[in-house]
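Letter by letter, the chains look like this.
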Amino acid sequence: METIVKAEKLIKYYGTKENPVKAVDQIDLEIKRGLFTVIAGRSGSGKSTLLHLLGGLDRPDSGNVYIGEQNIFKLNGNDLAKFRRRKIGFVFQDFNLIPSLTVLENIILPLGLEGKTMEKHAAEKLLENIGLLDKKDMLPDTLSGGQKQRCAIARAIAAKPAIILADEPTGNLDSQTGLEIVTLLRQSVKEYGQTLVMITHDKSIARMADKAIVIKDGKVVGRT
Amino acid sequence: MNMLYRIAKQNRIYYRKRNLLIGIAIFLASFLIFFISSFAAVFQQESYASINAFNPNWQGQYQHVPTELADKLASHPDTGEWGLFAEMAFTELPAQKYVYYYCMSDDARDMLRLKLAQGHMPEAENEIALTPEAARQLGKSVKVGDPISLSYQVLRNGKADYSQQKEFIVSGILEDTEDSAGQAFTALISNKLLERELPSGQVSYTFLFRISNRDISSTSEAENIIKNLAAEYQISEENIRINSYNLAANYTDPNMILIISIIICTVALAGIITIYSIYYVRIQERIQEFGRLKAIGMTQKELRRIVFLEGIESAKKAAPLGILTGLAAEIAALLILHANSLDYFQEILPWLSIPKLIILHIGTAALSLGTAFLMMYISMKKPMRTAAKITETEALRYPAYQNRGTLRKKARISRKRIHIFYLVRNHLGRYKTRSLLTILSMSATGILAIIVATVLSCTDARLYADDLCHGQYMIGEQIEFRNAEHPERKWENVIQDNPLTDDLLQKIKEINGVREISVFDSIFAEIPEISDKFEILGVPEENKSFLMDRITQGSVSYEALKSGEQVIVDEHAAKWYFHGSLNIGDTITYVVDTGNGTPLTKKAKIAAFGDYPLAFPKILMASDAFKGICPANCHSGCSVWGDEDYNKETENQIKMIIEEEPLLQLSTWQEYYELEQETTRDVTALCCIFLGFLGGICIMNMINTMISSVQQRKREIGILQAVGMTDRQLSGMLQLEGGLYILGTLFTTIACGSLLSWPVFLWAKDHGILGIRKYEFPFMAVCIIIVILIILEILLAAFLAHSARKDSIIDRIRL
């Protein structure tokens, strides 16, 4: 199976030289196209930092990340941003929606930044899929947590990126809603042929994944 | 240390960037207030010292006073020191210069600062004392004891008699204080000569005096005393002279206080808007913080006090620093100003009251400090109230990381396409109050700048020169009615052999470089409302557009003016000469004496008012109207239009043509232009410095707004970048955001500035300020304002984009 994400000797330390916090310590990993991969680990293990490095949201102290054939850290700021909006979709734990934009506007935001828009029927289908068709003109503050996360998922998949990186998307939701969200994510990535990488503490969700990577003290300590 | 004080202090440290902006605004305001008021005070004190040191120190003067009245005036309780002099005769010199012969009492001489350098004052009938410049102008080189033969014309009942020659002995030489460029020079003669030349009934004295010591505080009070005293003895207004320089030097001028007060209020207002805006934003950002403090038991009063203490802490350092910098700037400015005039400074030093200067500086420092703290207090009043009103639950409702602005709606129709402009518009819509405050604060300076620039552009040297010289060169006639030595200057005599002949005018027209000439006619008439002979201008039909295009009120056709039954009156003359008592439809009666022995009494109705150049007479008719009154050649002036503003060769050629005609005088547009240019340059420099500082205060507001805008949205910007906004798009978004502030500021500035500058222009025009006559929109100033704002916006947005990118995206999202 084709490798879509590849990390080589990835290092990211925080803190001071005397007392470094090794968030990501010499990590090598490969993620295969079309699979649902979970990154698991305890709080402070470095899994979020790893996910951010894989998505190019943060820069490593050393090491490389390849998305397809592209070493993303060889790109300058502008090109990396463009690459990100075309190839990577993000879903965050606390939704990170823009409060002054409506549900639909939040969803089409990455496309708007690309100078594109979404066909009406495509937008309606996407909204229908995530169950927010009747909420498309609402502002995010009026939505429930689950609805906000659905909106965030729709935003991540709207530009049809190759990879969806989800940072504990169920962390702020009850278990029932959380399951619904993960199901929705899986269905969506399957429909659009995308790769899903998700951070989670939830074992029941981790069990739904095709692959799991376990992180401890910034190192990969287990793979399934 | 008090807990509230400690919290306020720590908050001040924590929010140091924002406090720095408030500090800069306070610093600039106190600097500006101190510098302007203390510099004005020092400058005024210096001027006063200079006036007291060099200028005549009489305060009131009554002309044409008989001896008996002089005695009564002298014994009046309002009269302090006093003196008398009589103007006995004059000698006319070339280029309209004169030496006047006065008989003067010692006190009058002291008040007029005429000091004897050598010899003694004239006592014998044939003795004379004169200034060295008077001697030079008379073409004599004299020493005390030298004989001198002088030709002069005695003034009898206000009319100049025929010239007569007399042999004098120079008894004294006065101090050399007269300027060779002046028009009048002084010679003193003895009382005996005065008595011989003029019988006692024909001598009219000028009574000079200073107001007796009383508790007068203002110039207007002093003026009233002088006017009331005159009224008490039926001295007409035209015979009163007030030495306003001396009054201003010794009493407080309410106008000066008014101007300084307006400046201080403007600066304070700009400061208040800026500081209020900064605080308004800051309190919005700190809702959760205040809510938490309230939740742990802090009272409303204590919360108000924390906000107050934070503000006062900023002012405590910035205001004294502003005052000290203002003092340094003032000293530097004075050193620069006096670098080339140390001798002058040394001479006026004894007249400068150092304790008064110290008191003035302490006063202005207290004023600046007081204004700075008052500004802080007024600016903080509402934010203090807002902070106190925050409820405990708001601490939970508002996430610490973001202020959501005004999102009152729950839903709205979604846009199909999202672009940067939409994001910017959406953001500004959320922060309407803050955006408006920023625009208003920035616009306040801009509006003031436009008003000042309008006044300055209306004082355009070109317009001023255009007003005083119609055409590039203007030929006029020297008309005089009360000079027995020069009867040829009487108008009725001039028109018998008018030097402005068609032949001469043709010669001027043929000069190389002369494009066109316009000839005007005049008649001189007596008008009962005006004491002296008044010139009425006749405009020939070929120049009728000059007459008709400047009508501002009423209407009349040129044809209707030909009969002479209707006239146009200059609107300024209507105010100055007729004290605003004239209306359209009123009739003016005038008497014209053309020299044929039968004066004609004519009546004319005022058909319109107009706005005509200062160079022209104030009652205007069609030239044809003169035909029935005066059949002779009534040409009185000729405007010469050249190919360029000034050409020395053309001027010389005109001079050559008119040099044979002593009655003709030439003035050039260029000489008026250069004079006004110099004045305008100085005033412009001062205004620019003031507006620069004022602008600095308001720019603090824009910096604050834009910094706040980025600070508050750090997370939002992080999200936008996470979903793919490029650095270029981020910069573009911030540029656009700043651009919209600038656009709003420019729109408000230009619209309100133009609207407000119009009444200011009308006021300046009506009061004859800086010779303003014509409205000129200050395009150049507007362009400069646009360029400054755009540069400022580009720099600020670039700085903010850089600052927004400093933290990684993930750090911003995690805020």
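This structure is a prediction, so every number in the text was calculated from the model and none was measured. (Residues numbered from 1 in each chain as written. Chains lettered and ligands numbered in written order. Predicted model: local features only at pLDDT ≥ 70, side-chain atom pairs only at ≥ 80, totals over all residues. Heavy atoms only, no water.)

1. Structural notes on the overall build of chain A
- Secondary structure assignment for chain A yields 7 helices and 10 strands.
- Relative to its length of 224 residues, chain A is compact, with a C-alpha radius of gyration of 17 Å against a globular reference of 17 Å.
- Considering only C-alpha atoms, chain A reaches an extent of 55 × 40 × 40 Å along its principal axes.
- With an accessible surface of roughly 9500 Å², chain A has 47% of that area assigned to carbon and sulfur atoms.
- Between the mean site of the 33 positive side-chain charges and the mean site of the 27 negative ones, chain A shows a separation of 4 Å. (Helix = DSSP H or I, 4+ residues; strand = E, 2+ residues; numbered from the N terminus. Rg over C-alpha atoms; globule rule 2.2 N^0.38 Å. Areas by Shrake-Rupley, 256 points an atom, 1.4 Å probe, with all protein chains shown as cover. Lys, Arg positive; Asp, Glu negative; His and termini not counted. Charge placed at Lys NZ, Arg CZ, Asp CG, Glu CD.)

2. Here's the deal with the overall build of chain B
- Counting its secondary structure elements, chain B contains 29 helices and 20 strands.
- Relative to its length of 815 residues, chain B is extended, with a C-alpha radius of gyration of 35 Å against a globular reference of 28 Å.
- Across the 815 residues in chain B, those meeting the buried criterion constitute 52%.
- Counting contacts in chain B only where the partners sit at least 6 residues apart, residues at least 24 apart contribute 81% of the total.
- With an accessible surface of roughly 38100 Å², chain B has 57% of that area assigned to carbon and sulfur atoms.
- Across chain B, the mean location of the 81 positive side-chain charges is 22 Å away from that of the 90 negative side-chain charges. (Buried < 20%, exposed > 50% of the residue type's maximum accessible area, 1.4 Å probe, protein only. Contact = heavy atoms within 4.5 Å.)

3. Looking at unusual backbone geometry
Residues and elements named next belong to chain A.
- Non-glycine residue Asn96 carries a positive phi angle of around 50°.
- Looking at the element boundaries, Asn96 is found in the loop between β6 (88-91) and α3 (103-113).
- Assessed through its relative accessible area of 2%, Asn96 is described here as buried.
- Here Asp217, not a glycine, exhibits a phi torsion of approximately 50°, which is positive.

4. Some points on the packing of aromatic side chains
- Counted according to the given criterion, the structure contains 25 aromatic pairs over all chains.
- One Lys or Arg, Lys6(A), reaches over the ring of Tyr66(A) and ends 5.9 Å from the middle of that ring.
- Between Lys166(B) and the ring centre of Phe168(B), over which it is positioned, the NZ or CZ distance is 5.6 Å. (Phe/Tyr/Trp six-rings, centres within 6.5 Å; stacked < 30°, edge-to-face > 60°. Lys NZ or Arg CZ within 6 Å of the ring centre and 35° of its normal.)

5. Describing the environment of Gln93(A)
All names here are of chain A.
- Checked against the element boundaries, Gln93 lands in the loop between β6 and α3.
- A residue is classified by how much of its surface remains accessible, and Gln93, at 26% relative accessible area, is partly exposed.
- Sequence separation between Gln93 and Asp167 is 74 residues; the distance between their C-alpha atoms is 5.7 Å.
- Non-local contacts of Gln93, meaning those with residues more than four positions away in its chain, are made with Gln149, Asp167, Glu168, Pro169, Gly171 and Asn172.

6. Thoughts on the sheet that holds strand β5 (residues 70-71) of chain A
All names here are of chain A.
- Sheet architecture is open: 4 strands sit in the order β2-β1-β4-β5, paired in antiparallel fashion. Looking at the sheet topology across the chains shown, the edges are occupied by β2 (20-32) and β5.
- Relative to β5, strand β4 (residues 62-67) runs antiparallel, the two being bridged by 2 bridges. Across the sheet, residue Ile67 finds its bridge partner in β5, namely Gln70.
- Here helix α1 (residues 47-54) sits on the sheet in contact with β1 (3-15), β2 and β4, set at roughly 125° to β1. (Pairing = 2+ DSSP bridges. Axes fitted to C-alpha atoms, helices over the stretch in contact; angles between N-to-C directions.)

7. Things to note about helix α2 (residues 77-87) of chain A
- Those residues of α2(A) not exposed but buried are Asn78(A), Leu80(A), Ala81(A), Phe83(A), Arg84(A) and Arg85(A).
- Of the residues that open α2(A), the one with a side-chain oxygen 3.2 Å from the backbone nitrogen of Asn78(A) is Asn76(A). (Polar contact = N/O pair within 3.5 Å; in protein donor to acceptor, adjacent residues only side chain to side chain.)

8. Section: helix α24 (residues 648-658) of chain B
Residues and elements named next belong to chain B.
- All of the buried residues in α24 are Thr650, Glu651, Ile654 and Ile658. Down the axis of α24, the smallest arc covering the buried residues is 100°, so these residues share one side.
- Close packing links the buried residues of α24 with β11 (473-477), α19 (502-509), β12 (514-526), β19 (635-642) and β20 (664-668).
- Two or three places before Glu649, at the opening of α24, Asn647 has a side-chain oxygen 2.8 Å from that residue's backbone nitrogen. (Arc of directions from axis to C-beta.)

9. Quick look at the environment of Glu776(B)
Residues and elements named next belong to chain B.
- If you trace the backbone, Glu776 turns up in the loop between α27 (727-766) and α28 (779-806).
- Taking the relative accessible area as the measure of exposure, Glu776 reaches 27% and is therefore partly exposed.
- Sequence-wise, Glu776 and Ala453 are 323 residues apart; in three dimensions their C-alpha atoms are separated by 9.6 Å.
- Not counting the four nearest positions on each side in its chain, Glu776 is found in contact with Thr454, Ser457, Cys458 and Leu463.

10. Here we look at the nonpolar core
- Ile26(B) and Leu423(B) are the most contacted members of the largest nonpolar core, which totals 157 residues.
- Each of domain 1 (1-55 + 246-273 + 291-374) and domain 3 (417-470 + 669-815) of chain B gives at least three residues to this core.
- Here Leu423(B) is in contact with Leu101(A), Leu109(A), Leu113(A), Ile418(B), Leu720(B), Met725(B) and Met733(B), once residues within four sequence places are set aside.
- Among the nonpolar cores identified, the runner-up in size contains 48 residues, and Leu93(B), Leu193(B), Leu194(B) and Tyr205(B) belong to it. (Core = buried A, V, L, I, M, F, W, Y, C linked by side-chain atoms within 4.5 Å. Domains from an automatic or database assignment.)

11. Concerning a nonpolar patch on the surface
Residue and element names in this part refer to chain B.
- On the surface, Leu324, Leu327, Ile331 and Leu335 cluster together into a nonpolar patch covering about 380 Å² of accessible area.
- With respect to the helices and strands, the residue Leu324 is situated in helix α11 (residues 300-338).
- Residue class for Leu324 comes out exposed when judged on its relative accessible area of 56%. (Patch = residues over 30% accessible without salt bridge, like charges linked within 9 Å, V, L, I, M, F, W, Y side chains within 5 Å. Salt bridge = Lys/Arg side-chain N within 4 Å of Asp/Glu carboxyl O.)

12. Digging into the domain arrangement of chain B
All names here are of chain B.
- Per the domain assignment, the segments making up chain B are domain 1 (1-55 + 246-273 + 291-374), domain 2 (60-215 + 229-242), domain 3 (417-470 + 669-815) and domain 4 (473-643).
- The C-alpha-based centres of domain 1 and domain 2 are spaced at 49 Å.
- Contacts between the two partners involve 9 residues from domain 1 and, on the opposite side, 4 residues from domain 2.
- Taking both partners together, domain 1 and domain 2 bury about 420 Å²; carbon and sulfur atoms supply 40% of that area.
- Across the contact surface, domain 1 and domain 2 share 0 residue pairs in polar contact (both at pLDDT 80 or more).
- Those elements that place two or more of their residues in the side of domain 1 that touches domain 2 are α2 (16-54) and α8 (244-250).
- For the side of domain 1 that touches domain 2, the per-class residue count stands at 5 nonpolar, 4 polar and no charged. (Buried area = accessible area lost by both parts, 1.4 Å probe. Nonpolar A, V, L, I, M, F, W, Y, C, P; charged D, E, K, R; others polar.)

13. Digging into the packing of α3(A) against helix α4 (residues 120-130) of chain A
Residues and elements named next belong to chain A.
- As a packed pair, α3 and α4 sit with axes 12 Å apart at the nearest point and diverge in direction by 115°. With respect to α4, the axis of α3 lies roughly perpendicular. The interaxial crossing formed by α3 with α4 has right-handed handedness. Within the contact between the two elements, α3 uses Val103, Leu104 and Ile107 and α4 uses Ala123, Leu126, Leu127 and Ile130. (Parallel < 35°, antiparallel > 145°, perpendicular 65-115°, else oblique. Left-handed = near helix turned anticlockwise from the far one by under 90°.)

14. Side note on the interface of chain A and chain B
- Counting from both sides, the interface comprises 38 residues of chain A and, opposite them, 36 residues of chain B.
- Counting across the interface, chain A meets chain B through 2 salt bridges.
- The closest approach of N and O atoms between Glu105(A) and Arg412(B), which form a salt bridge, is 2.9 Å.
- Across the contact surface, chain A and chain B share 20 residue pairs in polar contact (both at pLDDT 80 or more).
- The set of elements that each furnish at least two residues to the side of chain A that touches chain B consists of α1, α2 and α3 of chain A.
- For the side of chain A that touches chain B, the leading source of residues is α3(A), giving 7 residues.

15. A short note on the sheet that holds strand β3 (residues 36-41) of chain A
Residue and element names in this part refer to chain A.
- Strand order across the open sheet formed by 6 strands is β6-β7-β8-β3-β9-β10, with mixed pairing between neighbours. Unpaired on one side and paired on the other, β6 and β10 (219-223) mark the two borders of the sheet. Between one strand axis and the next, the sheet turns by 20° as a mean value, whatever way the strands run.
- Pairing of β3 with strand β8 (residues 195-199), which is carried by 4 bridges, proceeds in the parallel orientation. Looking across to β8, one finds that Val38 is bridged to Met198.
- Against the sheet, α2 makes contact with β6 and β7 (163-167), and its axis sits at roughly 80° relative to β6, the strand it touches most.
- Of the strands in this sheet, β3, β7 and β8 are in contact with helix α6 (residues 175-192), which crosses β8 at around 155°.

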